[in-house]
Amino acid sequence: MKKVAIVMGSDSDLPVVEKAVGKLAEYGVPCEVHVFSAHRTPDQARAFARGARENGFGVIIAAAGMAAHLAGALAANTTLPVVGIPLKSKALDGVDALLSTVQMPSGIPVATVGIDGAANAALLAAEILALSDDALAAKLDAARAAETEKVLAKNAAVEARFNSSC
Ligand code: RP5
C-alpha cells in the first residue's frame, strides 16, 4: 500500500494532527509525519513534495494554521492529491487558515477539510488509497455501516422517548 504523508507547519500543530495519525492507524494505513513550514523551511517543504511520489506516498495531508500556505505550497510541487487541514489559532479562530488553504488558484488543487478536521482528512486520504485497494475499501465500508447503525440506534432512542406521547 502507498503511504500517507502528514506534514504540519509547526510541532504546535500536533494536538490536532495526532487525530489524523490515529485515524489512519485504525485502518492500517501506513503514514509518515513531518514538520515542514511553507514559510520557515520552504526549501525542505518543496524538496519533500517533489520527492513524495517516488518515495512511495500516495496522498499528502498538510496541516497549518494562520496564513496557512503549506498545503498549497506542497501542491505546487507535486501532482499527488493534497488534503489541507486548516487549523484554529487564537486570533481569527481558524477562518484565516481556512481561507488560505481553500482558495487555491485554478490548476493547483487542494482538497480542504473543515477547520481542525483531522479525522476527515485521514478518511479522505484512506478513501483515495482505497481506489486501488479492495481490502481498505472493505474496511471503510464496514466502518461506515457501523456508524450508520449507531445513528439509527440514537434515532430509535429519541423516537421512543418523545413520539409515543405526541
Ligand atoms: C503555522 O503557524 C503553523 O502551522 C502553526 O499552526 C502556526 C503557529 O506556529 P508556531 O508559532 O506555534 O510554531 O505556520
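Right above here is the structure, for reference.
Residues numbered from 1 in each chain as written. Predicted model: local features only at pLDDT ≥ 70, side-chain atom pairs only at ≥ 80, totals over all residues. Heavy atoms only, no water.

K.L.:
Quick rundown of the site of the ligand? Include the residues and the values.
P.N.:
By nearness alone, every residue bordering the ligand is listed as Gly9, Ser10, Ser12, Asp13, Arg40, Ala64, Gly65 and Met66. The separation between an oxygen atom of the ligand and a polar side-chain atom of Arg40 is 2.7 Å. Compared with its free state, where it exposes 370 Å², the ligand has 72% of that area covered by protein. Among the detected pockets, the ligand sits in the largest pocket. Partitioned by chemical class, the residues of the shell around the ligand number two nonpolar, four polar and two charged. (Near = heavy atom within 4 Å. Polar contact = N/O pair within 3.5 Å; in protein donor to acceptor, adjacent residues only side chain to side chain. Areas by Shrake-Rupley, 256 points an atom, 1.4 Å probe, with all protein chains shown as cover. 1 Å grid on protein atoms, 1.4 Å probe; cavity = no way out; pocket = protein on both sides within 12 Å on 5 of 7 lines; lining within 4 Å. Sits in = over half its atoms within 2 Å of the grid points. Nonpolar A, V, L, I, M, F, W, Y, C, P; charged D, E, K, R; others polar.)

K.L.:
Outline helix α5 (residues 118-130), listing residues and values.
P.N.:
When the terminal C-alpha atoms of α5 are compared, their 18 Å separation across 13 residues agrees well with the 18 Å that a helix rising 1.5 Å per residue should span. All buried positions along α5 are accounted for by Ala118, Ala121, Ala122, Ala125, Ala126, Leu129 and Ala130. Tucked into the core, α5 has its buried residues touching β1 (3-8), α1 (14-26), β3 (57-65), β4 (82-87) and α6 (134-162). (Helix = DSSP H or I, 4+ residues; strand = E, 2+ residues; numbered from the N terminus. Expected span 1.5 Å × (residues − 1). Buried < 20%, exposed > 50% of the residue type's maximum accessible area, 1.4 Å probe, protein only. Contact = heavy atoms within 4.5 Å.)

K.L.:
Can you lay out the pairing of β4 for me, pointing to particular residues and giving the numbers?
P.N.:
Extensive coverage of β4 is indicated by the burial of six of its six residues. Side chains Val82, Gly84 and Pro86 project from β4 onto one buried face, and the interleaved Val83, Ile85 and Leu87 project onto a second face that is buried too. Strand direction decides the pairing type here: β3 and β4, joined by six bridges, are parallel. Across the sheet, Ala62 pairs through a bridge with Gly84, a residue of β4. After leaving β3, the chain enters helix α3 (residues 70-75) and then returns to the sheet as β4, a path that is right-handed. (Pairing = 2+ DSSP bridges. Right-handed = clockwise from strand over helix to strand, strands pointing away.)

K.L.:
Would you mind going over helix α4 (residues 95-102) in detail, with residue names and values included?
P.N.:
For α4, the set of buried residues is Asp96, Ala97 and Thr101. Viewed end-on, α4 has its buried residues packed into an arc of 120 degrees, placing them on one side of the element. In the core, the buried residues of α4 are packed alongside β3, α3, β4 and β5 (111-112). (Arc of directions from axis to C-beta.)

K.L.:
Describe the sheet that holds β4, naming the residues involved and giving the relevant values.
P.N.:
Pairing is parallel across the open sheet formed by five strands, whose spatial order is β2-β1-β3-β4-β5. Strands with a single pairing partner mark the edges of an open sheet, and in this sheet they are β2 (31-35) and β5. Bridge analysis of β4 against β5 gives two bridges, and the strand direction is parallel. The partner of Gly84 across the bridge, within β5, is Thr112.

K.L.:
With reference to specific residues and values, describe unusual backbone geometry.
P.N.:
Residue Asp93 is not a glycine yet carries a positive backbone phi of 65 degrees. Checked against the element boundaries, Asp93 lands in the loop between β4 and α4. Overall, Asp93 belongs to the partly exposed group, its relative accessible area being 49%.

K.L.:
So what about a nonpolar patch on the surface? Which residues, and what values?
P.N.:
Residues Leu92, Val95, Leu99, Val102 and Ile115 make up a contiguous nonpolar surface patch of about 400 Å² in total accessible area. Looking at where Leu92 falls in the secondary structure, it is placed in the loop between β4 and α4. (Patch = residues over 30% accessible without salt bridge, like charges linked within 9 Å, V, L, I, M, F, W, Y side chains within 5 Å. Salt bridge = Lys/Arg side-chain N within 4 Å of Asp/Glu carboxyl O.)

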